[in-house]
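Secondary and tertiary structure notes
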Amino acid sequence: MVRIRVLVVDDHRIFAESLAAALAAEPDVDVSAAGSGPAALRCLERAVAEGRRFDVLLVDADLGAVAGAVPAQREPGAGPPPSGSDGIALVAGVRVTHPGVRTVVLAERDDPRRAALALQAGASGWVAKDCSLSRLLAVIRGVLREETHLPPALLTGVLRELTAARKHRTDSERLVESLTPREHEVLRCMVAGLGRKDVAARLFLSPHTVRTHMQNVLGKLGVHSTLAAVALARRAGVRPADLAGDVVERSGQLA
C-alpha cells in the first residue's frame, strides 16, 4: 500500500491534533502536526534528511494571525505577504524549497481574494475547515493527482481575482517598460530595499542625481511612494538588484 505523508500546520493545537488524529485513522495516511511556519519548515527539512518526505501540507490560512484580527488586504497581483509565519507566505516558501510537496489551505471562511493569493503562491487547494473528513481526504488524494480544488461557490470570485491580477501585471509591465535603463536599475535597487544614499554609492552617482531618478521613476509609474513603486515593480516581475554581485557600470555607461 502506498502511504500518503501529511503535515498539518495550524497554531490552534486542539484543532491540529484532532485533525491529525482523524487523518491517522486512515490506513494509507501517515500524519504529523506543526504549530507554526518555522516549525513546519523544520519538519520538512528533517523529513528530507531522513528520506521520508511529506506529500501534502494542510496549512491554516490564518497561521500566526491574532484572534479576531482582519487579514490585511493586498493589491491584486502583489504576491503573498512577506512574513514566513503567514499561511499563504508559507505556501510560497514551500513551493520554492520543496516543490514536490502539494499544499492545501484550510480556511475559516470563504474569501475569493485570499484564495486567489493562495493559488498564486502555489497552493493546490482551498478547503473550509468545517468540511467533512471524506471531502478533505478526497482533496488530499486529488492534489496528488495534480488536481486543483476549490469550493464551487468560490470559483467565480477566484477567477475574477486572477483575471484582475493578470490585468494589473500587464499594466505594470507596460509602465516599467517606459523607464530608461538607468531608471530601471534604480528601481531594481529600490526593490532590493536600498535607500537613496546606498543607491548612489552602488551606481556611482550623487544622492541628488539618484533623487531625481527616483522622482522620475515614481512619476512614470504613476505612484506617490517608494513602497507603491516597489509593489508595482514586483507585479511586473522586476527582480531586485543583486547586492551580492558586482556593482553596476559607472555613470555614463547607462542612459
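The rules behind the values
Residues numbered from 1 in each chain as written. Predicted model: local features only at pLDDT ≥ 70, side-chain atom pairs only at ≥ 80, totals over all residues. Heavy atoms only, no water. Pairing = 2+ DSSP bridges. Helix = DSSP H or I, 4+ residues; strand = E, 2+ residues; numbered from the N terminus. Axes fitted to C-alpha atoms, helices over the stretch in contact; angles between N-to-C directions. Phe/Tyr/Trp six-rings, centres within 6.5 Å; stacked < 30°, edge-to-face > 60°. Lys NZ or Arg CZ within 6 Å of the ring centre and 35° of its normal. Core = buried A, V, L, I, M, F, W, Y, C linked by side-chain atoms within 4.5 Å. Buried < 20%, exposed > 50% of the residue type's maximum accessible area, 1.4 Å probe, protein only. Contact = heavy atoms within 4.5 Å. pLDDT = per-residue confidence, 0-100.

**Structural notes on the sheet that holds strand S4 (residues 102–107)**
Strand order in the open sheet made by the 5 strands is S2-S1-S3-S4-S5, with parallel pairing throughout. Bordering the open sheet on either side are strand S2 (29–34) and strand S5 (125–128), each of which pairs with just one other strand. The sheet shows a mean angle of 25 degrees between the axes of neighbouring strands, taken without regard to direction. As paired strands, strand S1 (residues 4–9) and S2 are joined by 6 bridges and run parallel to one another. Looking at S2, one finds that Arg5 is bridged to Asp30.

**Some details on the packing of aromatic side chains**
The full count for this structure, using the stated rule, is 0 aromatic pairs. In this structure, Arg5 is placed above the aromatic ring of Phe54, and the distance from its NZ or CZ to the ring centre is 4.2 Å. Note that Lys129 overlies the ring of Phe15, its terminal NZ or CZ placed 4.5 Å from the centroid.

**Section: the pairing of S5**
Across 4 bridges, the pairing between S4 and S5 is parallel. Within S5, the position partnered with Ala107 by the bridge is Ala128.

**Things to note about the nonpolar core**
Within the largest apolar cluster, 25 residues are counted, with the highest numbers of intra-cluster contacts made by Val176, Leu187, Met190, Val199, Leu221 and Val238. Of all elements in the fold, only helix H7 (181–191), helix H8 (196–203), helix H9 (207–221) and helix H10 (226–235) reach the threshold of two or more residues within this core. Not counting the four nearest positions on each side in its chain, Met190 is found in contact with Met214, Val217, Leu218, Thr226, Ala229 and Val230. Counting 17 residues, the second-largest nonpolar core is a separate cluster that includes Val8, Leu136, Ile140 and Val143.

**Some thoughts on the confidence of the model for the protein**
When pLDDT is averaged along the protein, the result is 82, and 84% of the positions lie at 70 or above. Here residues 66–85 is modelled with pLDDT under 50, and outside its nearest four sequence neighbours on either side it reaches 35 contacts, counting other chains as well.

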